[in-house]
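# Working through the structure, step by step
Residues per chain, in single letters:
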Amino acid sequence: MPITNGTVFMPSVLTFIGIPGLETIQCWIGIPFCAMYIIALAGNSLLLIIIKTEPSLHEPMYIFLAMLGATDIALSTNIVPKMLGIFWFHLPEICFDVCLFQMWLVHTFQGIESRVLLAMALDRYVAICYPLRHATIFNQQLVTHIAVGVTLRPAILVIPCLLLIKCCLKFCGTKLISHTYCEHMALVKLATEDVSINKFYGLLGAFIVGGLDFILITLSYVQIFITVFHLPQKEARLKAFNTCVPHICVFFQFCLLAFFSFFTHRSGSYIPSYIHITLSNLYLLVPPFLNPLVYGVKTKHVRDKVVKMFRSKDQA
């Protein structure tokens, strides 16, 4: 541990507390988290296999759905094993540089998920509002560009957060992180000096990634609803609306959890820390858990392929 100025240092190892105030029951809390993780892995893996093996699903909407599934697997795998190590095996320590890398992955995957939801909303907007031009607009080249942009944009935006922590901040005697994973503000709170720049960039990044996406997704669905309600036939309205139901459900639960996690984190002493940290964990775990269930139940093509797959196994 290199000393820089008296008791101020750059720690080589950090220690997770877990969920403050609930340490005695963390072993039990880990059970539903583990169950959600297993279901998320199984559901999203099945989704990826179905989309890959079925040529009829090689369309923009399902390609974006595959990207969402892959992101969900990566995001949950990035945090749950270490979380369970804290809860069950008393392995709370993590190297400082590894912690920074985990933070970069967590916030990058969060940004990718938000961007993929935006891409799916825009795809539905074009498919419903301009159906004759959908295949021309969402061609293979555009989908490839969207996939690259969706991945690179949040990954690059998070890098300054790492540099501000690694190069500009000094830490005091505590190495304890009141969290179950490396989150930006949880690390910043350990610093001894003014962290206004870190907080500002964190808010700016949250608005650029989450806030802007939320506005554009909301506008897309508003325009979709206006178009759907103006369709002359009831059957056409129901069909168009049903194609959007899974996306709306996923978008709603993602934004609801993000909203509560974001504002409880910035409410300081008004919200108990165990509530904030539990919501932060749910924010990262519930979407990967629910997304394949929602799309498996509500998307007819995916549901039919799942039923077909299991029937063929039973017959064999």
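Residues numbered from 1 in each chain as written. Predicted model: local features only at pLDDT ≥ 70, side-chain atom pairs only at ≥ 80, totals over all residues. Heavy atoms only, no water.

For the chain, an unreviewed UniProt entry supplies the name Olfactory receptor and the organism Enhydra lutris kenyoni. Database annotation for the chain, UniProt heading Sequence similarities (unreviewed entry): "Belongs to the G-protein coupled receptor 1 family." (UniProt positions renumbered as here; feature names shortened; annotations may be inferred.)

Moving on, we get to the sheet that holds strand β4 (residues 93-95). Pairing in this open sheet of 3 strands is mixed, and the strands run β4-β3-β5 from one edge to the other. The two strands at the open ends of the sheet, each matched to only one other strand, are β4 and β5 (176-177). Examined bridge by bridge, strand β3 (residues 13-16) and β4 share 3 bridges and lie antiparallel to one another. Across the sheet, residue T15 finds its bridge partner in β4, namely E93. (Pairing = 2+ DSSP bridges. Helix = DSSP H or I, 4+ residues; strand = E, 2+ residues; numbered from the N terminus.)

Another point: the pairing of β3. For β3 and β5, the ladder comprises 2 bridges, and the chain directions are parallel. Bridge pairing links F16 to I177 in β5.

We now examine the packing of helix α3 (residues 96-129) against helix α9 (residues 273-298). The axes of two packed helices give the description: the angle between them and the distance between them. Packing of α3 against α9 leaves a shortest axis separation of 12 Å and a crossing angle of 35 degrees. For the crossing formed where α3 meets α9, the hand is left-handed. Contact residues: V106, Q110, E113 and M120 in α3; Y283, L284, P287, N291 and Y295 in α9. Of the residues that constitute the contact of α3 with α9, the class distribution is 6 nonpolar, 2 polar and 1 charged. (Axes fitted to C-alpha atoms, helices over the stretch in contact; angles between N-to-C directions. Left-handed = near helix turned anticlockwise from the far one by under 90°. Contact = heavy atoms within 4.5 Å. Nonpolar A, V, L, I, M, F, W, Y, C, P; charged D, E, K, R; others polar.)

Residues given the UniProt feature "transmembrane region" (unreviewed entry) here are residues 28-50, 62-80, 142-165, 200-228, 240-262 and 274-295. Between the C-alpha atoms that bound residues 200-228 there is a distance of 40 Å. The span itself is 100% helix and 0% strand.

Between its first and last C-alpha, helix α5 (residues 140-168) extends 43 Å over 29 residues, near the 42 Å set by a 1.5 Å rise per residue. Of the positions making up α5, those classed as buried are V143, V150, P154, A155, V158, C161, L162, L164 and I165. Residues of α5 that are buried make contact with α2 (60-89), α3, α6 (184-188) and α7 (196-229). The opening residue of α5 is N139, an N-cap whose side-chain oxygen sits 3.2 Å from the backbone nitrogen of Q141. (Expected span 1.5 Å × (residues − 1). Buried < 20%, exposed > 50% of the residue type's maximum accessible area, 1.4 Å probe, protein only. Polar contact = N/O pair within 3.5 Å; in protein donor to acceptor, adjacent residues only side chain to side chain.)

Considering only enclosed or pocket space, the largest pocket measures out at about 900 Å³ in volume. Taken together, 37 residues make up the lining of the largest pocket; nearest its centre are Q110, A206, G210, F262 and Y283. When residues of the lining of the largest pocket are traced back to their parent elements, those giving at least two are α3, α5, α6, α7, α8 (234-265) and α9. At 11 residues, the largest contribution of residues to the lining of the largest pocket is made by α7. Tallied by class, residues from the lining of the largest pocket come to 21 nonpolar, 13 polar and 3 charged. By volume, the second largest pocket is sized at about 670 Å³. (1 Å grid on protein atoms, 1.4 Å probe; cavity = no way out; pocket = protein on both sides within 12 Å on 5 of 7 lines; lining within 4 Å. Points joined across faces, edges and corners; volume = space filled by probe spheres on them.)

Take a nonpolar patch on the surface next. Together, I25, W28, I31, W88, F89 and L91 make up a nonpolar patch on the protein surface, roughly 650 Å² of accessible area in all. Structurally, L91 is set in the loop between α2 and β4. (Patch = residues over 30% accessible without salt bridge, like charges linked within 9 Å, V, L, I, M, F, W, Y side chains within 5 Å. Areas by Shrake-Rupley, 256 points an atom, 1.4 Å probe, with all protein chains shown as cover. Salt bridge = Lys/Arg side-chain N within 4 Å of Asp/Glu carboxyl O.)

Time to look at the nonpolar core. Generally speaking, a soluble globular protein has its nonpolar side chains buried in company with each other. In this structure, L65, I165 and L187 are the most contacted members of the largest nonpolar core, which totals 87 residues. In this structure L65 touches L47, I51, M120, Y295 and V302, once residues within four positions along its chain are discounted. (Core = buried A, V, L, I, M, F, W, Y, C linked by side-chain atoms within 4.5 Å.)

This next bit is on α9. Over its 26 residues, α9 extends 36 Å from the first C-alpha to the last, a length consistent with the 38 Å expected when each residue adds 1.5 Å. Taking the largest bend as the criterion, α9 deviates by roughly 30 degrees, centred on L285, and proline P287 comes between one and four positions later. (Bend = angle between axes of the 7 residues up to and from the residue.)

This part is about the environment of K199. Secondary-structure assignment places K199 in helix α7. Taking the relative accessible area as the measure of exposure, K199 reaches 42% and is therefore partly exposed. Counting along the chain gives 43 residues from K199 to N242, while the straight-line C-alpha distance between them is 41 Å.

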